[in-house]
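As a plain string of letters, each chain reads:
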Amino acid sequence: MKLLSIFEYILVMIKAIAEAWVDVFKRCTNNQINPEIMDIETEINSLYGQVLLACSITITPGTLTIDLDHDSKTLKVASISPRKKDEIIPFEKYIKNIFD
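Please read these numbers as outputs of a predicted model, since none were measured by experiment.

> Explain the environment of Ser-5 to me, using residue names and the numbers behind them.
With respect to the helices, strands and loops of the structure, Ser-5 is situated in helix H1 (residues 2-30). Judged by relative accessible area, which is 2%, Ser-5 ranks as buried. With 33 residues separating them in the primary sequence, Ser-5 and Met-38 have C-alpha atoms 27 Å apart.

Following this line, the structure appears as structure tokens:
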């Protein structure tokens, strides 16, 4: 089961990175940059899972994880534009399946 979750995570991550590159390119060429910093609560209990989530957010263009609070399961994320939680972390459920 974990092997399937790893495979699904990789596919969703590749898709998220590709979509983010297109979004960032469009925003940069159209001058539609409106940076925002937000707190995102995660359902992942494992510290390793939270770290993988934070790294996944950071390698996705247009987002950057600034802080991780393991105890409150909260990430502070900077984004190139206002976004919803599901748009920033579509891969959370796969990471949860791998580590929790």
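> Kindly report on the packing of aromatic side chains, identifying the contributing residues and their values.
By the definition in use, this model includes one aromatic pair. Consider the rings of Tyr-9 and Phe-91, whose centres lie 6.3 Å apart with planes at 85°: the pair is edge-to-face. Here the residue Tyr-9 occupies a position in helix H1, and Phe-91 occupies one in the loop between helix H3 (85-88) and helix H4 (92-99), the gap between them amounting to 82 residues.

> Quick one: what's the story with H4, residue by residue and with numbers?
Because an α-helix completes one turn every 3.6 residues, residues spaced three or four positions apart along the sequence face the same direction. Along H4, the residues that are buried comprise Glu-92, Tyr-94, Ile-95 and Ile-98. Buried residues of H4, viewed axially, fall in a sector of 160°; they line one side. Among the structural elements, H1, strand S1 (36-41), helix H2 (47-59) and H3 are those in contact with the buried residues of H4.

> Tell me about the pattern of salt bridges, and name the residues and values.
Taken as a whole and judged by the stated rule, the model has six salt bridges. Linking Lys-15 and Glu-19 is a salt bridge whose minimum nitrogen-to-oxygen distance equals 3.2 Å. One end of the pair, Lys-15, and the other, Glu-19, are both in helix H1, four residues apart, so they sit about a helical turn from each other. Taking the relative accessible area as the measure of exposure, Lys-15 reaches 52% and is therefore exposed. Lys-96 serves as the salt-bridge partner of Asp-100, at 3.3 Å between the closest nitrogen and oxygen. On the basis of relative accessibility, which here comes to 26%, the residue Lys-96 falls in the partly exposed class. In this structure, a network of salt bridges that share partners links the residues Asp-23, Arg-27 and Arg-83.

> Describe the layout of surface pockets, naming the residues involved and giving the relevant values.
Counted as a void, the largest pocket has a volume near 290 Å³. Contributions of two or more residues to the lining of the largest pocket are made by H1 and H3. Ranked by residue count, the leading element in the lining of the largest pocket is H1, at seven residues. Along the lines of polarity and charge, the residues of the lining of the largest pocket split into seven nonpolar, three polar and six charged.

Definitions and limits used
Residues numbered from 1 in each chain as written. Predicted model: local features only at pLDDT ≥ 70, side-chain atom pairs only at ≥ 80, totals over all residues. Heavy atoms only, no water. Helix = DSSP H or I, 4+ residues; strand = E, 2+ residues; numbered from the N terminus. Buried < 20%, exposed > 50% of the residue type's maximum accessible area, 1.4 Å probe, protein only. Phe/Tyr/Trp six-rings, centres within 6.5 Å; stacked < 30°, edge-to-face > 60°. Arc of directions from axis to C-beta. Contact = heavy atoms within 4.5 Å. Salt bridge = Lys/Arg side-chain N within 4 Å of Asp/Glu carboxyl O. 1 Å grid on protein atoms, 1.4 Å probe; cavity = no way out; pocket = protein on both sides within 12 Å on 5 of 7 lines; lining within 4 Å. Points joined across faces, edges and corners; volume = space filled by probe spheres on them. Nonpolar A, V, L, I, M, F, W, Y, C, P; charged D, E, K, R; others polar.

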